[in-house]
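# Structural description and commentary
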Amino acid sequence: MRGKRRVLPRIIVRVALDEGGLTGRITPETTFPEGDFRASYFAGDRKKEVYERVQRIASDLGIGPEDMPEAALRYVPSHPAVSTVIPGMRTVRNVERNMAVGDGKGLPADKIAKVKPHRWVRNFYR
């Protein structure tokens with residue numbers, strides 16, 4: 001039919017910061033409070049794996065690890081099918097930073113191209 005345009009699904013993304021992995025704050029030495037599920041999620045060498053990956057991504061983007069949450073929260077809605085992102089928020093500062101990123105500006109195309117090679121297929125829930 002003429003005049004019809006393709007409609008993309010609208011996706012709501014949750015856990016965009018990978019349970020804290022993309023905050024730049026998880027290091028091999030990180031410990032979690034008693035009962036925090038992240039202790040098992042980031043068990044074994046997972047904290048080291050995440051830390052090293054975040055360091056490489058930050059380096060490729062030319063940012064510090066402390067800027068990773070903003071980069072991640074701008075990257076996700078850069079895909080046209082994503083309508084919104086629901087980030088975690090453990091502190092008032094997290095809420096303030098997350099809200100500031102909600103300005104509708106995605107990650108610039110040149111930075112998206114730098115992030116794509118870092119795609120990591122893994123499942124820490126196993």
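Summarised in this report is the structure supplied together with it. (Residues numbered from 1 in each chain as written. Predicted model: local features only at pLDDT ≥ 70, side-chain atom pairs only at ≥ 80, totals over all residues. Heavy atoms only, no water.)

## Let's talk about the overall build of the protein
- Each helix and strand in the protein was counted, giving five helices and two strands.
- Starting at the N terminus and ending at the C terminus, the protein contains elements arranged as β-α-α-α-β-α-α.
- Each principal axis of the C-alpha distribution contributes one length, and for the protein these read about 60 × 30 × 30 Å.
- Among the 126 residues that make up the protein, the fraction classed as buried is 34%.
- When contacts within the protein are restricted to residue pairs at least 6 apart in sequence, those whose partners lie at least 24 apart make up 68%.
- Counting only carbon and sulfur atoms, one obtains 53% of the accessible surface of the protein, whose full area is about 8,800 Å². (Helix = DSSP H or I, 4+ residues; strand = E, 2+ residues; numbered from the N terminus. Buried < 20%, exposed > 50% of the residue type's maximum accessible area, 1.4 Å probe, protein only. Contact = heavy atoms within 4.5 Å. Areas by Shrake-Rupley, 256 points an atom, 1.4 Å probe, with all protein chains shown as cover.)

## Some words on unusual backbone geometry
- The phi angle at Asp18 is positive, at roughly 50 degrees, despite the residue not being glycine.
- Judged by relative accessible area, which is 13%, Asp18 ranks as buried.

## A few points about the nonpolar core
- Phe42, Leu61, Met68 and Leu107 are the most contacted members of the largest nonpolar core, which has 14 residues in total.
- Breaking this core down by element, the ones donating at least two residues are helix H2 (46-61), helix H3 (68-75) and helix H5 (109-115).
- Setting aside its immediate chain neighbours within four residues, Leu61 contacts Ala71, Lys111, Lys114 and Val115.
- Val13, Ala72, Val85 and Val101 belong to the second largest nonpolar core, which has nine residues in total. (Core = buried A, V, L, I, M, F, W, Y, C linked by side-chain atoms within 4.5 Å.)

## Details of the pattern of salt bridges
- Here the structure, examined in full by the defined rule, presents four salt bridges.
- Between Asp36 and Arg38 there is a salt bridge, and its shortest N-O distance comes to 2.7 Å.
- By relative accessible area, Asp36 is classed as buried at 13%.
- Within the structure, one salt-bridge network assembled from shared partners comprises Glu70, Arg74 and Asp103. (Salt bridge = Lys/Arg side-chain N within 4 Å of Asp/Glu carboxyl O.)

## What to know about H2
- Here H2 spans 22 Å end to end across 16 residues, near enough to the 22 Å set by a 1.5 Å rise per residue.
- What H2 keeps buried is the set Arg46, Lys47, Val50, Arg53, Val54, Ile57, Ala58 and Leu61. With its buried residues spanning 135 degrees around the axis, H2 presents them on a single face.
- Gly62 lies just past H2 and shows a positive phi near 70 degrees. (Expected span 1.5 Å × (residues − 1). Arc of directions from axis to C-beta.)

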